[in-house]
Structures are given as structure tokens and as C-alpha cells.
Amino acid sequence: MPSQKRLFVDAKIVLSQSDFIATQPVEFNLKNVNESLIFTSQNGILSVIQHPQFEQIKDRKMYCVGLKSKELLIANGCNVVAYAENAADLAEAISLVYSHDSFTFFSGNLRRDELPFTLKKAKVDFNEIQVYETILTPKKNTIKQSGILFFSPSAVESYLKKNRIIDEVCFCIGKTTGKELVKKKASKIVMAPQPTVEALIEIVIDYYQS
């Protein structure tokens, strides 16, 4: 967003942008949807609310990852029972507090395993419907930079297909992205205090102005 880019300009930080992933909806149906719905990304929410039969399920109980996802669901007239900062924490909350319900998890093709693994281990009744696809779009980076901003584990994977992280500071939006960077042996990792774009931008500016 222009207002977010302006924050970098005002802080005298040079920002270059490149998309290393793309998302697109896939065909799916809403015939076998349970009483409670789980979303771990805004892409999943957007795919479902654009479905012709969304009105038939919008009054069900919603569980999601991220404050922005919660706000998006509420803006579309949904009842959000609980949300967490990451999928692992949401899965734990569901397993401990809401395990008596049945759930449908709306996912993408590159979704991580933490949530379904935890639900299965706790014997929570759930099914899964893929509603969007994440496509890696790796490209060679030719710009020398001191820091890199990562917004998802998939972006980390895509970036490293054609690039290396040498001594750059890796700023990440959340725990799952941070774990992927640790797995890839990145040595300088700074995590946003909350998993939002605004919090990530703030911590980048604070880092370079301190």
C-alpha cells in the first residue's frame, strides 16, 4: 500500500519489492462443511466468501489465524469464536477448549502440517477442503540489500530457489516464517512482535534507526 511504502521513505530506507509467490483460487464445493470453520490465511477466507454458496455457511462458527483474518471475517458478517497468532496456537486452543465441535479446515496446497497434525492427535473431528493454490515464482535478485522482509514460509522457500541468504538481516512476520528461516540456516532473524504487516514495518524501521 502507498501509505506503508511512505513509512520507508520517511525513514530514509530504500525499499525494493518483488513477489516470490502468487495465489489463485481453485474449484471446490461446500457440500460437506461442518459446524465450525477454520482459516489459517486471508487467501482462504477470500476464496470461500467469493463462493456462490457462502451465504449458506456464513452463520457457522469461525476460527482463524491472525487479527486481519478475524477483521475480514467480521466485515463479512461472520461470527469469530477464537483466533490466534499462528496455526499451532490455534490448533492447541481448538484441541483443549473446542474439541467437542466438528470442523472444516479451508486450506491451500502448501499449507503446513501443524494444525491438522494436532487436531488428529487430539482426535478432533474435522475434514479439509483446499480452496486456493500457492504458486512459487522464484527469480534472481540482483540488488544488494542489507535486509529482506519475508511474509510467509512459502516466500522463504521461493526466494532460496535462486538466491542465497549471506549476511542479510531477515525480518519475518511470524513464528512459522521464522522457523523456516532457522531451518534454512539464516543467521540474523528479527521477528515482528505481532504477525501483521504494520508490526513488521515498524520493527524494520526501529532496527535501522536504533
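Description of the structure in this document. As the structure is a computational prediction, the values presented were derived from the model and not from experiment. (Residues numbered from 1 in each chain as written. Predicted model: local features only at pLDDT ≥ 70, side-chain atom pairs only at ≥ 80, totals over all residues. Heavy atoms only, no water.)

Assigned secondary structure in the protein chain consists of eight helices and nine strands. For 210 residues, the compact-globule formula gives about 17 Å, and the C-alpha radius of gyration of the protein chain, at 18 Å, lands near that figure. Along the longest, intermediate and shortest principal axes, the C-alpha atoms of the protein chain span 50 × 35 × 30 Å. When burial is assessed residue by residue, the protein chain has 43% of its 210 residues classed as buried. Sequence-distant contacts, at least 24 apart, represent 56% of the contacts inside the protein chain between residues at least 6 apart. Counting only carbon and sulfur atoms, one obtains 51% of the accessible surface of the protein chain, whose full area is about 11800 Å². Counting 26 positive and 23 negative side-chain charges, the protein chain places the centres of these two groups 6 Å from one another. (Helix = DSSP H or I, 4+ residues; strand = E, 2+ residues; numbered from the N terminus. Rg over C-alpha atoms; globule rule 2.2 N^0.38 Å. Buried < 20%, exposed > 50% of the residue type's maximum accessible area, 1.4 Å probe, protein only. Contact = heavy atoms within 4.5 Å. Areas by Shrake-Rupley, 256 points an atom, 1.4 Å probe, with all protein chains shown as cover. Lys, Arg positive; Asp, Glu negative; His and termini not counted. Charge placed at Lys NZ, Arg CZ, Asp CG, Glu CD.)

At a closest axis distance of 9 Å, the pairing of helix α2 (residues 42–49) and helix α3 (residues 67–75) adopts a crossing angle of 15°. Our classification of the angle between α2 and α3 gives roughly parallel. Crossing angle aside, the handedness with which α2 passes α3 is right-handed. On the side of α2, the interface is formed by Gln42, Ile45 and Leu46, while α3 contributes Lys68, Ser69, Leu72 and Leu73. Across the contact of α2 with α3, the residue classes break down as four nonpolar, two polar and one charged. (Axes fitted to C-alpha atoms, helices over the stretch in contact; angles between N-to-C directions. Parallel < 35°, antiparallel > 145°, perpendicular 65-115°, else oblique. Left-handed = near helix turned anticlockwise from the far one by under 90°. Nonpolar A, V, L, I, M, F, W, Y, C, P; charged D, E, K, R; others polar.)

The six strands lie next to each other as β1-β6-β5-β2-β3-β4, forming an open sheet whose pairing is mixed. Since the sheet does not close on itself, it has two edges, and those belong to β1 (21–25) and β4 (79–84), each with one partner. Each adjacent strand pair in this sheet contributes to an overall mean axis angle of 25°, direction not counted. Bridge count between strand β2 (residues 36–39) and strand β5 (residues 102–108): four bridges; the pairing is parallel. Within the sheet, the bridge partner assigned to phenylalanine 39 lies in β5 and is phenylalanine 106. Packed onto the sheet, helix α5 (residues 114–121) meets β2, β5 and β6 (125–136) and runs at close to 170° relative to β6. (Pairing = 2+ DSSP bridges.)

Another point: the pattern of salt bridges. In this structure the tally under the stated criterion is twelve salt bridges. For arginine 111, the salt bridge is made with aspartate 113, and the minimal N-O distance between the two is 2.7 Å. Since its relative accessible area comes to 26%, arginine 111 is described here as partly exposed. The class for aspartate 113 is exposed, based on a relative accessible area of 53%. Here arginine 112 ties to glutamate 180 by a salt bridge, and the two come within 3.4 Å at their closest N and O atoms. Of this pair, arginine 112 sits in the loop between β5 and α5 while glutamate 180 sits in helix α7 (residues 175–183), and the two are 68 residues apart along the sequence. On the basis of relative accessibility, which here comes to 29%, the residue arginine 112 falls in the partly exposed class. Overall, the relative accessible area of 6% leaves glutamate 180 in the buried class. Taken together, the shared-partner salt bridges connect Arg112, Glu114, Glu180, Lys183 and Lys184 into one network. (Salt bridge = Lys/Arg side-chain N within 4 Å of Asp/Glu carboxyl O.)

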